[in-house]
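Given next are the chains, with one letter for each unit.
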Amino acid sequence: MSCYELSRLLFDLKIKESVYEQALTDFEAVMTNYELTAEEKTALREGDPRKLRQLGVHGMLCLYIKRLQPEFRDNIYWQQK
Amino acid sequence: MPLVSAVAASHAPNILLEPGNEWEDFMDLHYSMAPKGSSNRPTLEQQKKLRRDAEAAFAVLREDLQRSQPDVLIVVANDQFVNFFWNNIPTFFVTIGDEVAGKFTRHRFQYRNHKELGKAIIRAGMEKGIDFSYGERIELQHTQNVPLYFLLREPSIPILPIYVNTWVDPAPSPRRCSQVGELIREVAENSKERIAMLATGGLSHFPGSPRIGEIDEKFDHQLLDVLRAGKGKTLVEHSVQELLQAGDTEFLNWMVVIGAVGDAKASYTNYMPDFVATGWGFVSWRSL
């Protein structure tokens with residue numbers, strides 16, 4: 001089963017600052033913009049890249065869920081692509 | 001005119017991150033996904049030594065490039081979900097915009113893009129059965145910016161970014177990548193300009209994989225041994241799966257340059273595993 005929409009959300013967290021900024025304040029609202037299954041929403045809320053990978057997301061995109069986590073929000077890694 | 005020079009180098013982000021706080025940040029994120037490797041976490045002194053060694057390796061490559069006085073530098077690299085997504089993954093992509101730009105932390109990069117050379121390569125490919133994707137708008141990312149910082153910090157000549165799909169399955173075979181390099185060599189030989197090539201990426205690493213943190217040093221050394229012997233074209237016999245097993249799919253970028261340099265022996269190689277995620281590799285072909 002394709003996880004295109006789930007992957008797209010994570011891609012947008014990487015590329016689109018507007019999506020990232022909104023996700024910081026209202027991640028539930030951001031998720032409504034993508035056609036996600038209940039299982040995918042749960043994995044996103046848990047913020048575990050390994051679970052996203054198990055759902056079929058490319059590992060390079062799974063990483064970007066960590067951009068929302070307080071301990072990694074200011075990480076230097078996000079300042080390069 | 002024949003190609004005037006060719007080099008290859010890793011593009012791992014931590015090559016350009018500053019030892020100390022920036023490296024620590026990078027490793028905090030990395031080891032949150034690869035906790036088993038954290039016992040090897042490099043000290044500040046080890047970080048500084050790696051940076052010095054990488055700068056020394058890049059200095060050799062830079063001097064070789066400068067000595068060859070190129071008019072343009074073709075940069076063969078891969079995307080990593082910056083310019084391309086699952087709606088369209090090009091196997092080979094040639095940039096035909098006027099300019100290309102990007103950033104890496106506080107560093108900014110902007111170059112003229114040699115679109116005429118790009119179009120010449122695309123047209124030659126269509127004659128020879130290699131149909132490139134192409135487009136005007138791309139953003140330079142770490143896969144180009146890290147080596148360019150050390151090799152062409154001042155945009156004194158135009159570049160030409162060419163992308164190879166090394167990062168998602170299915171990827172092109174090493175043989176096909178070599179054929180693309182042969183085509184570029186033919187275009188260079190028919191050009192009045194002095195054309196140099198840079199391949200980026202590798203060597204062994206497993207980004208986004210459950211094996212993240214592993215480095216297959218043995219495989220990497222075998223690759224470099226082959227390049228020193230001038231037998232790079234024998235590497236077309238490898239399958240993508242073999243490269244994948246060794247964490248070396250970005251070597252597909254190198255295979256394009258290997259196809260272009262033919263049987264030339266690498267005049268310089270250097271290798272340093274970074275203890276974190278990647279075997280950093282550096283090669284120059286001074287005599288083509």
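Please refer to the structure placed before this passage.
Below, the structure is looked at part by part. Keep in mind the model is a prediction, meaning the values are calculated, not measured.

A separate point is the overall build of chain B. A count of helical and extended segments in chain B gives nine helices and eleven strands. Here the C-alpha radius of gyration of chain B, 18 Å, is about what a compact globule of 288 residues would show, namely 19 Å. Across chain B, every contact between residues at least 6 apart in sequence was considered, and the portion connecting residues at least 24 apart equals 83%.

With respect to the helices, strands and loops of the structure, Gly 208 of chain B is situated in the loop between β9 (195-200) and α7 (217-228). A count of 19 C-beta atoms within 10 Å places Gly 208 of chain B in the partly exposed class. The sequence separation of Gly 208 of chain B and His 30 of chain B amounts to 178 residues, and the corresponding C-alpha distance is 10.0 Å. Those residues within four positions of Gly 208 of chain B in sequence are excluded, and the remaining contacts are His 58, Gly 59, Met 60, Cys 62 and Leu 63 of chain A.

It is worth spelling out the packing of helix α6 (residues 174-189) of chain B against helix α9 (residues 251-261) of chain B at this point. Residue and element names in this part refer to chain B. Viewed as axis vectors pointing N to C, α6 and α9 meet at an angle of 45°, and their least axial separation amounts to 6 Å. As far as their axial angle goes, α9 and α6 are oblique. Handedness of the crossing formed by α6 with α9: right-handed. In this structure, α6 contributes Pro 174, Cys 177, Ser 178, Gln 179, Val 180, Gly 181, Glu 182, Ile 184 and Arg 185 to the contact, and α9 contributes Leu 252, Met 255, Val 256, Val 257, Ile 258, Gly 259 and Ala 260. When the residues that make up the contact of α6 with α9 are grouped by side-chain class, the tally is ten nonpolar, four polar and two charged.

This paragraph deals with α7 of chain B. All names here are of chain B. In this model, α7 (twelve residues) spans 16 Å end to end at C-alpha, consistent with the 16 Å of a helix rising 1.5 Å per residue. Every buried residue of α7 is accounted for by Asp 220, Leu 223 and Leu 227. Buried residues of α7, viewed axially, fall in a sector of 60°; they line one side. Turned more than 90 degrees away from the buried face of α7 sit Lys 218 and Asp 225, all of them exposed. Looking at the buried positions of α7, the neighbouring elements they touch are α9, β10 (268-273) and β11 (279-285). One or two positions beyond α7, positive phi appears at Gly 230, with a value near 75°.

With that settled, consider the sheet that holds strand β4 (residues 99-104) of chain B. Either a parallel or an antiparallel arrangement is found when strands of a sheet pair, and the pairing is made through backbone hydrogen bonds. Residue and element names in this part refer to chain B. Judged by pairing direction, the sheet is mixed, and its three strands sit side by side in the order β5-β4-β7 without closing on themselves. Looking at the sheet topology across the chains shown, the edges are occupied by β5 (107-112) and β7 (139-140). Here two bridges tie β4 to β7, and the two strands are oriented parallel to one another. Its bridge partner lying in β7, Ala 101 is registered against Glu 139.

With that settled, the discussion passes to the interface of chain A and chain B. Facing 20 residues of chain A, the contacting portion of chain B comprises 22 residues. Among the elements of the structure, α1 (4-15) and α6 (59-62) of chain A are those that each provide at least two residues to the side of chain A that touches chain B. If you tally residues by element for the side of chain A that touches chain B, the top one is α1 of chain A, at five residues. Taken together, the residues that form the side of chain A that touches chain B break down as eleven nonpolar, six polar and three charged.

Our focus in this paragraph is the sheet that holds strand β8 (residues 159-164) of chain B. Residues and elements named next belong to chain B. Read across the sheet, eight strands follow the order β6-β3-β8-β2-β9-β1-β11-β10 without closing on themselves; strand pairing throughout is mixed. With one partner strand each, in any of the chains shown, β6 (133-135) and β10 form the two edges of the open sheet. Neighbour to neighbour, the strand axes of the sheet diverge by 15° on average, direction disregarded. Summarising the sheet, strand β1 (residues 5-9) and β9 pair through five bridges and their orientation is parallel. Bridge assignment links Ala 9 to a residue of β9, and that residue is Thr 200. Set on the sheet, helix α5 (residues 142-151) makes contact with β1, β2 (72-77), β8 and β9; between it and β9 the angle comes to about 125°.

What follows is about the nonpolar core. Nonpolar side chains in soluble globular proteins tend to be buried together. In this structure, Ile 74, Val 76, Met 197 and Val 257 of chain B are the most contacted members of the largest nonpolar core, which totals 84 residues. If sequence neighbours within four positions are ignored, Val 76 of chain B has contacts with Ile 162, Val 164, Met 197, Leu 198, Ala 199, Asn 253, Val 256 and Val 257 of chain B. Formed by 18 residues, the second largest nonpolar core is a distinct cluster that contains Leu 6, Leu 61 and Tyr 64 of chain A together with Phe 81 of chain B.

Glancing now at the pairing of strand β3 (residues 92-95) of chain B. All names here are of chain B. Here β3 shows no split at all, with Phe 92 and Val 94 on one side and Phe 93 and Thr 95 on the other all buried. Taken together, the three bridges between β3 and β8 define a ladder with antiparallel strand orientation. Within β8, the residue paired with Val 94 across the bridge is Ile 162. Alignment of β3 against β6, held across three bridges, turns out to be parallel. Bridge pairing in β6 links Val 94 to Tyr 134.

Cut-offs and rules
Residues numbered from 1 in each chain as written. Chains lettered and ligands numbered in written order. Predicted model: local features only at pLDDT ≥ 70, side-chain atom pairs only at ≥ 80, totals over all residues. Helix = DSSP H or I, 4+ residues; strand = E, 2+ residues; numbered from the N terminus. Rg over C-alpha atoms; globule rule 2.2 N^0.38 Å. Contact = placed C-beta atoms within 7 Å. Buried ≥ 20, exposed ≤ 12 C-beta atoms within 10 Å, placed from the backbone. Axes fitted to C-alpha atoms, helices over the stretch in contact; angles between N-to-C directions. Parallel < 35°, antiparallel > 145°, perpendicular 65-115°, else oblique. Left-handed = near helix turned anticlockwise from the far one by under 90°. Nonpolar A, V, L, I, M, F, W, Y, C, P; charged D, E, K, R; others polar. Expected span 1.5 Å × (residues − 1). Arc of directions from axis to C-beta. Pairing = 2+ DSSP bridges. Core = buried A, V, L, I, M, F, W, Y, C linked by C-beta atoms within 7 Å.

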